[in-house]
Amino acid sequence: MLYIPNIIDYARVVFLYYAMYRPAWSPFENQGVHFFSFYAFSYFLDAFDGMAARALGQSSHLGYYLDMVIDRISSVLCLYTASECLKMNGMLNANVTPYAVTVFYFLMISVEVLAHSIVVYYAEVLSIHQKKMGHDYAIVRLYLDSKAMLFYGCANFELFLLGVIVNSPFVVMIGLPGFVFRALANLARLWACLTIDNGLKRA
């Protein structure tokens with residue numbers, strides 16, 4: 001529990017807590033910047049827990065799952081905060097905003113909770129290789145087989161949502177293609193998991 005990489009992950013949780021803590025006296029236009037600042041620190045630390053584990057020889061099952069769970073919590077909090085900001089920042093037309101918020105909530109449940117949870121369950125419990133989960137789809141192969149594309153999708157997912165949170169249409173437009181790419185790749189994986197052959201489940 002006291003491995004250095006795990007301590008880094010505990011620090012990520014602390015920064016996420018403060019990202020979500022917004023004083024009542026703080027004007028709304030400052031709250032997006034407040035979230036961005038603490039969330040960025042948490043996201044920055046995510047780059048170092050794996051490196052620390054390898055450098056110090058402190059890899060562990062706890063660290064593996066801790067990192068994965070915190071990643072999912074981070075993504076859910078970012079989607080939730082972006083949806084709340086959309087309701088108030090006037091970035092979208094009032095008639096379009098409810099649909100965008102619905103999409104964010106749909107991705108929160110389908111991608112961040114369901115897709116990732118099912119993939120982990122199949123891989124860790126049923127020992128189904130992750131390559132069999134959606135690898136027939138070109139978008140999944142592109143997402144998983146290329147570190148550059150994996151980074152592109154994940155980084156732009158964050159960039160798009162943080163652009164919404166700080167009310168920056170320019171940043172939103174930069175991040176939008178990668179955000180859509182990551183969402184579609186993970187939805188394809190979810191579909192593949194839900195329709196996977198029963199024989200593979202029993203293997």
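Conventions used here
Residues numbered from 1 in each chain as written. Predicted model: local features only at pLDDT ≥ 70, side-chain atom pairs only at ≥ 80, totals over all residues. Heavy atoms only, no water. Helix = DSSP H or I, 4+ residues; strand = E, 2+ residues; numbered from the N terminus. Rg over C-alpha atoms; globule rule 2.2 N^0.38 Å. Buried < 20%, exposed > 50% of the residue type's maximum accessible area, 1.4 Å probe, protein only. Contact = heavy atoms within 4.5 Å. Areas by Shrake-Rupley, 256 points an atom, 1.4 Å probe, with all protein chains shown as cover. Lys, Arg positive; Asp, Glu negative; His and termini not counted. Charge placed at Lys NZ, Arg CZ, Asp CG, Glu CD. Phe/Tyr/Trp six-rings, centres within 6.5 Å; stacked < 30°, edge-to-face > 60°. Lys NZ or Arg CZ within 6 Å of the ring centre and 35° of its normal. Axes fitted to C-alpha atoms, helices over the stretch in contact; angles between N-to-C directions. Parallel < 35°, antiparallel > 145°, perpendicular 65-115°, else oblique. Nonpolar A, V, L, I, M, F, W, Y, C, P; charged D, E, K, R; others polar.

**Q** Explanation requested: the overall build of the protein chain in the structure shown.
**A** Across its full length, the protein chain carries eight helices and zero strands. Secondary structure elements of the protein chain occur, N-terminal to C-terminal, as α-α-α-α-α-α-α-α. A globule of 203 residues ought to have a C-alpha radius of gyration of about 17 Å, and the protein chain, at 18 Å, matches this closely. Along the longest, intermediate and shortest principal axes, the C-alpha atoms of the protein chain span 55 × 45 × 25 Å. Looking at the protein chain residue by residue over its 203 residues, the buried ones come to 41%. Taking as baseline every contact in the protein chain between residues at least 6 positions apart, the subset at least 24 positions apart corresponds to 74%. For the protein chain, the exposed surface amounts to about 11,300 Å²; the carbon and sulfur share of it is 70%. Taken as two groups, the 13 positive and 13 negative side-chain charges of the protein chain have centres that lie 6 Å from each other.

**Q** How do you make sense of the packing of aromatic side chains when you look at a structure like this?
**A** Centre-to-centre distance and the angle between the planes together describe a pair of aromatic rings. With the rule as written, the count across this model stands at 15 aromatic pairs. Plain terms: the ring middles of Phe44 and Phe48 are 4.9 Å apart, the flat faces sit at 65° to each other, and that makes the pair edge-to-face. Of this pair, Phe44 and Phe48 both sit in helix H2 (residues 28-56), separated by four residues, roughly a single helical turn. Exposure remark for Phe48: the relative accessible area of 33% places this residue in the partly exposed category. Among the aromatic side chains, those forming a connected cluster through ring pairs are Phe15, Tyr17, Tyr18, Phe38 and Phe41. Stacked on the ring of Phe157, the Lys or Arg Arg182 has its end atom at 4.0 Å from the ring centre.

**Q** Would you mind showing me how to read the packing of helix H5 (residues 138-145) against helix H6 (residues 147-165) here?
**A** Helix-helix packing is characterised by the crossing angle of the two axes and by the distance between the axes. Where H5 meets H6, the axes come as close as 5 Å, and the angle between the chain directions of the two elements is 100°. Considering the angle they form, H5 stands roughly perpendicular to H6. Only Lys147, Met149, Leu150 and Cys154 of H6 make contact with H5, whose side of the interface consists of Leu142, Tyr143 and Asp145. Partitioned by chemical class, the residues of the contact of H5 with H6 number five nonpolar, no polar and two charged.

**Q** For this particular structure, what's the right way to read the packing of helix H3 (residues 61-89) against helix H4 (residues 97-124)?
**A** Interaxial distance between H3 and H4 falls to 8 Å at its minimum, and their mutual angle equals 170°. Accordingly, the angle class assigned to the pair H3 and H4 is roughly antiparallel.

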